[in-house]
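What the coordinates show
Each chain, written out:
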Amino acid sequence: MLAAISLFAPCFFGLGLLALLPLPRFWAEPAADPAQRATALAAALALGMTVYYGLMLAIERPEVTAAVSLGLAAIGWGTTLIRARRELLRSLALGRWAYGLLILLLIAAALHILLRPLADSDARTIWFHHAKVIYFFGDFDPFASWGTDRRQFFHPDYPKLLATLASSAATLAGFWNEYFPKLALVALLLPPLVATLGFLRQPLTLILVLVAFYCLPRAYMWNGFMDGYLALYAGFMAIHFGRWLGERRLVDLVAGIAFLAVTVGLKNEGYMLLVVFAGAGLLAAFRSRDGVGGLMKAIPLPVLVPALLAFSGFFLWLYLRRQWHLENDLEFGPGAWARAIERLGDPEALALLGESLFLTAATALPAGMVAAMFWQFRRWPESRPAGTDFALALALLYFGGVILIYLMTPHTLTWHLGTSAERVLMTPRALAFAAIALWLQEREIAGRIRLAPGAARRISGA
Amino acid sequence: MAHWRDVAIGADRLVSGTPARACFFLTALFVALFVWRGAPFRVVLVPPEAVFLGHWNRDIADFAVPRAGEYRIVKSAQWALALLREHKIEQYSVSAALARQGEVRVRIMEGGVPIMFKADAPDLLLYKFETLPPDCRLVDEREAMRLARCD
């Protein structure tokens, strides 16, 4: 059991190091900047987690996967230490305060998560039930062991990242109970927490990130639902890709890819985020100063290796889903469009949608803050970071996607909205907050530069 | 002789939940202690460890115990799971009345893994108020749940 707790972070990090081997520049860039170091470490951890997910789906046996992963992680550690020892060790040196805060936050989160047994319905019947089936039956084929009502209650088509992590924790512990497999949630929390340390020098942004990403989802951070974590990873994905659009640093690009790859392993909504990401990416590319071609050129070709490894679990799961004929209960087909058109002409349905999706604090709060940010842009147009528009486009497109899904749902609208609207809105809210965080961070950095000793002299000299 | 009811208040109420809930709780406590003089209850402040640590003690003690932590699921499902495990059942079916209780049935199905639900399994779970089907004999019962073997 102690092995499970102590091994998961070095193992994921080692797998991340292995995936990053084709990018020798990766550890050289962030070594000089503490904020970038945190991003690099978070990227490696998230990347390692997705590689582990891919391995688990390929091997389908938790004990064998754990052994293979440990071996590969050791190779990752060894090779990186030989090739870029100085840079890696410098990147690991986040500072005493940063590690102190990380340990404090992690212990607080772990106590909150682990000392509450699994109780909420969806967490038990979906993610942790899948983990239990993997743990007891040793395979991912749901038809082998699950009873009737598969689709309605157990959603066997859902991605299995959390299930693989939870079943691995149970396998290493040697038993199943309602507490210990929740260690998977702590593991999922680690990469975003490390990424959060990158904001230590911008206290306002740090507070915004802590409140918006960790506190607002409340119980969804510890009850075993994946909605809070999807929002968390989506938020950090938007921040890193947004930053990459402005500054073109390799660490931000890799971190964005790794965080996006985690989202598609958590919930089916991750697939929608992937589609929305492609749309917002195209918009950002057309609006970029370099155009689509310039933006594509800014992506180094070797990045494709960690990107493919990060999405290996996603591709494998798509394949296995097809093999096992696992379909989603929302029945997206020609009938879905007919339902959407019918609901568009139904004033009662539109009123219900408006009430549940627009007239709610989850929408009003970020909308108000984004409006305030735009007011700032009007006054100081030069203060608009490139990534803000990208993150806002992601939020708006995702919100549009949510509306479309509710219009298409085969369930009654009242039931579907009542049971899920609050959870589903967390992701677009996090994306909007990511846009605000990008802007606020830039403002804080600009303010710090202006206040730095000698800055006035440098400015007047220029 | 006073005819009031003791209302135990634990320290965990002061530190858990949302700020809004904490504010509501503190206001209610203030009213109960100082404003509502003729209240038909008496507020008793319980030592923190009795409630706060009591809940944690259980979870800490159970943390590394196999199958622990099921006390949060619906009682009927807990009784059903206890019956299935006690009699080392590998496959079971459920009665029509139990099948209609979505929450209980799903908790039994997911909580029971690796015990498998199978519609035609001879071991039948049913409620105590249900009559046994003609070809079945009672094996055991726990509170409101029964386990029967059918031919």
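In this text the structure is predicted, and so the values were computed from the model without any measurement.

1. Let's talk about the overall build of chain A
What chain A contains, in helices and strands, is 22 helices and zero strands. Along the longest, intermediate and shortest principal axes, the C-alpha atoms of chain A span 75 × 60 × 45 Å. Residues classed as buried in chain A amount to 56% of the 462 residues present. By sequence separation, contacts in chain A at least 24 residues apart represent 80% of the contacts at least 6 residues apart. Accessible surface, chain A as shown: approximately 19,000 Å² in total, 67% of it carbon and sulfur. Taken as two groups, the 38 positive and 29 negative side-chain charges of chain A have centres that lie 12 Å from each other.

2. Quick word on the state of the cysteines
All names here are of chain B. Applying the stated criterion to the full structure yields one disulfide over all chains. Linked covalently through their sulfurs, cysteine 136 and cysteine 150 form a disulfide whose S-S length is 1.9 Å. Because the sign of the S-S torsion sets the handedness, a value of about 105° for the bond joining cysteine 136 and cysteine 150 places this disulfide among the right-handed ones. With a gap of 14 residues between them, cysteine 136 in strand 6 (residues 136-142) and cysteine 150 in strand 7 (residues 145-150) connect regions that are remote in the sequence. Judged on exposure class, the residue cysteine 136 and its partner cysteine 150 are both buried.

3. Describing the confidence of the model for chain B
With 68% of its residues at a pLDDT of at least 70, chain B reaches an overall mean of 80. Our summary of model confidence lists the complex with pTM equal to 0.88 and ipTM equal to 0.83.

4. Let's talk about the packing of helix 7 (residues 161-173) of chain A against helix 8 (residues 183-196) of chain A
Residue and element names in this part refer to chain A. Closest axis-to-axis distance for the helix 7/helix 8 pair is 8 Å, and the angle between their directions is 120°. By the angle between their axes, helix 7 is oblique relative to helix 8. Crossing of helix 7 over helix 8 shows right-handed handedness. Two secondary-structure elements touch here, helix 7 through Leu161, Leu162, Leu165, Ala166 and Ala169 and helix 8 through Leu183, Ala184, Leu185 and Leu188. Classifying every residue of the contact of helix 7 with helix 8 by side-chain character gives nine nonpolar, no polar and no charged.

5. Here's the deal with the nonpolar core
Residues and elements named next belong to chain A. Membership of the largest hydrophobic core comes to 166 residues, with the highest contact counts inside it found for Phe26, Trp27, Leu188, Phe213 and Tyr229. A total of 16 residues in this core trace back to one element, the largest contributor, which is helix 2 (residues 34-59). The contact partners of phenylalanine 26, leaving out residues within four places of it in the chain, are Leu20, Ala40, Ala43, Leu250, Val251 and Val254.

6. Quick word on a nonpolar patch on the surface
Residues and elements named next belong to chain A. Taken together, the side chains of Ile207, Val211, Leu216, Leu365 and Met369 make up a nonpolar region of the molecular surface, amounting to roughly 380 Å² of accessible area. When contributions to the nonpolar patch are tallied by element, the ones reaching two or more residues are helix 9 (203-215) and helix 18 (361-379). Within the element layout of this structure, leucine 216 appears in the loop between helix 9 and helix 10 (227-247). Residue classification places leucine 216 among the partly exposed residues on the basis of a relative accessible area of 30%.

7. Quick notes on the interface of chain A and chain B
You'll often see interface size given as the accessible area lost when the parts meet. Between chain A and chain B, the contact holds 29 residues from the first and 29 residues from the second. Surface buried jointly by chain A and chain B totals about 2,500 Å² across both partners, of which 67% is contributed by carbon and sulfur atoms. By the criterion of area lost to chain B, the three top residues of chain A are Leu115, Arg124 and Tyr179 of chain A, representing 24% of everything that side buries. At the boundary of chain A and chain B, one finds one salt bridge. Between glutamate 110 of chain B and arginine 124 of chain A there is a salt bridge whose closest N-O contact spans 2.8 Å.

8. With respect to the pattern of salt bridges
Going through the model one piece at a time under the given rule, you end up with 19 salt bridges over all chains. In this structure, the salt-bridge partner of arginine 249 of chain A is glutamate 247 of chain A, at a minimum N-O distance of 2.8 Å. In this structure, glutamate 103 of chain B and arginine 107 of chain B form a salt bridge, with 3.0 Å as the shortest nitrogen-oxygen distance. Pair noted here: glutamate 103 of chain B and arginine 107 of chain B are both in helix 6 (residues 102-112), with a separation of four residues, about one helical turn. Arginine 107 of chain B gets classed as buried once you look at its relative accessible area, which sits at 1%. Several salt bridges share partner residues, and in doing so they unite Asp122, Asp227, Lys267, Glu269 and Arg423 of chain A into one network.

About the cut-offs
- Residues numbered from 1 in each chain as written.
- Chains lettered and ligands numbered in written order.
- Predicted model: local features only at pLDDT ≥ 70, side-chain atom pairs only at ≥ 80, totals over all residues.
- Heavy atoms only, no water.
- Helix = DSSP H or I, 4+ residues; strand = E, 2+ residues; numbered from the N terminus.
- Buried < 20%, exposed > 50% of the residue type's maximum accessible area, 1.4 Å probe, protein only.
- Contact = heavy atoms within 4.5 Å.
- Areas by Shrake-Rupley, 256 points an atom, 1.4 Å probe, with all protein chains shown as cover.
- Lys, Arg positive; Asp, Glu negative; His and termini not counted.
- Charge placed at Lys NZ, Arg CZ, Asp CG, Glu CD.
- Disulfide = S-S within 2.5 Å.
- pLDDT = per-residue confidence, 0-100.
- Axes fitted to C-alpha atoms, helices over the stretch in contact; angles between N-to-C directions.
- Parallel < 35°, antiparallel > 145°, perpendicular 65-115°, else oblique.
- Left-handed = near helix turned anticlockwise from the far one by under 90°.
- Nonpolar A, V, L, I, M, F, W, Y, C, P; charged D, E, K, R; others polar.
- Core = buried A, V, L, I, M, F, W, Y, C linked by side-chain atoms within 4.5 Å.
- Patch = residues over 30% accessible without salt bridge, like charges linked within 9 Å, V, L, I, M, F, W, Y side chains within 5 Å.
- Salt bridge = Lys/Arg side-chain N within 4 Å of Asp/Glu carboxyl O.
- Buried area = accessible area lost by both parts, 1.4 Å probe.

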